[in-house]
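Notes for the structure review
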Amino acid sequence: MHQKKSEVQIGTESSGVSSDFNPATAHDAVSLTSTAPYKRPSLTQPHPLSKSPTLHNFPIQPKPRHVTVPATASASAAAWLFSLRRGLRHRLRHRLRLLLLLLLSLPFFYFLVSHPADSFLLDFLSAFSFSTALFFSLNLALPRIPSLRILLSPKARPGLKLPVFWARHNPPARPVGFPFCVVPYSNGDVYEGELKGSKCCGSGVYYYSMSGRYEGDWVDGKYDGFGVETWARGSRYRGQYRQGLRHGFGVYRFYTGDVYAGEWASGQSHGCGVHTCDDGSRYVGEFKWGVKHGLGHYHFRNGDTYAGEYFADKMHGFGVYTFANGHCYEGSWHEGKRQGLGMYTFRNGETQSGHWHNGVIDIPSTQNATYPVSPVGVNHSRVLNAVQEARRAAEKAYDVAKVDERVNRAVAAANRAANAARVAAVKAVQNQMHHNVNSRSISIPIM
């Protein structure tokens, strides 16, 4: 009836890095923004690609757009494209200026050809007002045309200083993940996989000298993510980890044959789960820090069942216990024994109700004909209330949240992480062998 304890915790893992490890350096593509005046590149003697990368600089509009120049484009084609764009831009500006001048001159042209009869000042003010209104209407009606203030003011035009985008041919690819290394330790442990600085990080396999191994995800030298942990005696865990401890959903198979599948927290079963023992007994319900605690139902190997409340790995509270021979007890429990108000029903229909102590009835209820009426007898209505509480607790125990689907997903993710860790371990061994061949040495520094 009691949960069997898990394996002895594996010793605290250590982390280290080989002293001959040289991480590969990567060069990113150069992207510079310059405000220097544009200078036409020399086209007489282009630099060959074999000696140094050819750089092309071309101007961009005030709102620059990234233009990708193919690696095979020649410098003359880039210069011709730039000159064409520059000529079109200048033509557009000149046409806008002429259009503006024509529109603003129409009122004054009307003023010159007309013959004022009443007042010269009145005609001049009316023409000036009409020109002013036309000027502001152009700014409002043509929002996509560059501002007239920029067209009329040479100082405000950003036409002399344009940003320059430098592009280099064939930029090197950025590294993905962390470098693969083999790190032996002084206590006999060996780590094979990805390494960040001096800590295990990424995917890798850690071999303990006498205990077992771990295959899966690492963060800052600790188990974190999904993984598979195997011990030398035969126990195995597949599931989630956090900060080096089992945390989340997972399955633990003990070397004795017991299996726990469910939620974990800080390395212990905590939450909802299923504990199946090697003798055939099975508990489904709530756990708290490694023991049965809360609501759950237990199927014993002899056929008996209990559904109700647990406290500290024992039947405690209200619950219903059904025997394999057909008898049933409904009522209160205390530390695994019938204690308090309850009713025992035989398979032939007879009942014993009252107050129980250490599994034996000591004060019968006042309406029970089996025992004589006692002056200190228990009211039968109180016993019936306890029976109702026990039945409600049993119903809630059978309705405990099922975690089978989430456990299966965690196990599948742990298997994938373990496969990735094995691949990283193989790459780490290959890199180490290649390094040893290049350095003509087979010695590996021990951390």
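Keep in mind the model is a prediction, meaning the values are calculated, not measured.

**Observations concerning the overall build of the protein chain**
- When you go through the protein chain residue by residue, the secondary structure sums to five helices and 20 strands.
- For the protein chain, with 447 residues in total, the buried portion stands at 35%.
- Of the contacts formed within the protein chain by residues at least 6 apart in sequence, a portion of 36% connects residues at least 24 apart.
- With the model as given, the accessible surface of the protein chain reaches about 27,500 Å², and the carbon-plus-sulfur share is 59%.

**Some thoughts on helix α4 (residues 380-398)**
- Between its first and last C-alpha, α4 extends 28 Å over 19 residues, near the 27 Å set by a 1.5 Å rise per residue.
- When we look at burial in α4, the residues that qualify are His380, Val383, Ala386, Val387, Ala390, Ala393, Ala394 and Ala397. End-on view of α4: buried residues confined to an arc of 135°, all on one side of the axis. Set apart from the buried face of α4 by more than 90 degrees, the exposed residues are Arg382, Asn385, Glu395 and Lys396.
- Taken together, the buried residues of α4 touch β14 (291-299), β15 (305-311), β16 (314-322), β17 (328-334), β18 (337-345) and β19 (351-357).

**Looking at the nonpolar core**
- The biggest cluster of nonpolar side chains holds 33 residues, and the ones touching the most others in it are Tyr191, Trp218, Tyr306 and Tyr321.
- Counting residues in hydrophobic clusters, the runner-up holds 17 residues, among them Val259, Val320, Val403 and Ala410.

**A word on the packing of aromatic side chains**
- With the rule as written, the count across this model stands at 33 aromatic pairs.
- With a centroid separation of 5.3 Å and an interplanar angle of 85°, the aromatic rings of Tyr214 and Tyr241 are classed as edge-to-face. Taken together, the residues span a long stretch of sequence, with Tyr214 in strand β7 (residues 212-219) and Tyr241 in strand β9 (residues 236-242) at a distance of 27 residues.
- For Tyr214, a relative accessible area of 0% puts it in the buried group.
- Using a relative accessible area of 4% as the deciding quantity, one classes Tyr241 as buried.
- The residue whose ring lies beneath Arg246 is Tyr237, and the NZ or CZ to ring-centre distance is 5.5 Å.

**Looking at the pairing of strand β4 (residues 180-184)**
- Summarising burial for β4: four of the five residues are buried, a large majority.
- Where β4 meets strand β5 (residues 190-196), five bridges bridge the pair, whose relative direction is antiparallel. Among the inter-strand pairings, Pro184 is bridged to a residue of β5, identified as Val190.
- Linking β4 to β5, which pair antiparallel, is a turn of five residues; within it Gly188 sits at a positive phi near 100°.

**Description of the side chain of Ser203**
- Along the chain, the position of Ser203 falls in strand β6 (residues 199-207).
- Among the residues examined, Ser203 registers a relative accessible area of 13% and is labelled buried.
- Apart from the residues lying within four places of it in its own chain, the contact partners of Ser203 are Tyr191, Gly193, Glu194, Gly216, Asp217, Trp218, Ala420, Ala421 and Ala424.

**Describing unusual backbone geometry**
- Even without being a glycine, Asp220 presents a positive backbone phi close to 55°.
- Among the secondary structure elements, Asp220 is positioned in the loop between β7 and β8 (222-231).
- Given the relative accessible area of 47%, Asp220 is considered partly exposed.

**Things to note about the pairing of β8**
- Summarising the sheet, β7 and β8 pair through seven bridges and their orientation is antiparallel. Residue Gly212 lies in a different strand from β8, and its bridge partner there is Trp231.
- Hairpin geometry of β7 and β8 is characterised by an intervening segment of two residues between the two adjacent antiparallel strands and by a positive phi of about 55° at Asp220.
- For β8 and β9, the ladder comprises six bridges, and the chain directions are antiparallel. Its bridge partner being in β9, Gly227 is matched across the sheet by Gly239.
- Counted along the chain from β8 to the antiparallel partner β9, the turn is four residues long, and its residue Gly234 has a positive phi close to 120°.

**Describing the confidence of the model for the protein chain**
- For the protein chain, per-residue confidence averages 75 on the pLDDT scale, and residues scoring 70 or more make up 61% of the total.
- Mean pLDDT per element in the protein chain: strand β1 (residues 33-34) is the minimum at 34, and β15 is the maximum at 98.
- Confidence over residues 146-175 falls short of pLDDT 50; this stretch has 67 contacts with residues more than four positions distant or in other chains.
- Here residues 441-447 is a poorly scored stretch, pLDDT under 50, and it has 19 contacts once near neighbours within four places are set aside; other chains count.

**Observations concerning the pattern of salt bridges**
- For the structure on display, the rule yields six salt bridges.
- The shortest N-O distance in the salt bridge between Arg213 and Glu215 comes to 2.9 Å.
- Its relative accessible area of 5% is what places Glu215 among the buried residues.
- The salt bridge partner of Arg392 is Glu389, with a shortest N-O separation of 2.6 Å. Here Arg392 pairs with Glu389, and both are found in helix α4, just three residues apart, close to one helical turn.

**Topic: the environment of Gly225**
- Looking at the element boundaries, Gly225 is found in strand β8.
- For the pair Gly225 and Ala417, spaced 192 residues apart in sequence, the C-alpha separation works out to 8.5 Å.
- Look past the residues within four positions of Gly225 in its chain and what remains in contact with it is Asp217, Gly239, Gln240 and Tyr241.

The rules behind these values
Residues numbered from 1 in each chain as written. Predicted model: local features only at pLDDT ≥ 70, side-chain atom pairs only at ≥ 80, totals over all residues. Heavy atoms only, no water. Helix = DSSP H or I, 4+ residues; strand = E, 2+ residues; numbered from the N terminus. Buried < 20%, exposed > 50% of the residue type's maximum accessible area, 1.4 Å probe, protein only. Contact = heavy atoms within 4.5 Å. Areas by Shrake-Rupley, 256 points an atom, 1.4 Å probe, with all protein chains shown as cover. Expected span 1.5 Å × (residues − 1). Arc of directions from axis to C-beta. Core = buried A, V, L, I, M, F, W, Y, C linked by side-chain atoms within 4.5 Å. Phe/Tyr/Trp six-rings, centres within 6.5 Å; stacked < 30°, edge-to-face > 60°. Lys NZ or Arg CZ within 6 Å of the ring centre and 35° of its normal. Pairing = 2+ DSSP bridges. pLDDT = per-residue confidence, 0-100. Salt bridge = Lys/Arg side-chain N within 4 Å of Asp/Glu carboxyl O.

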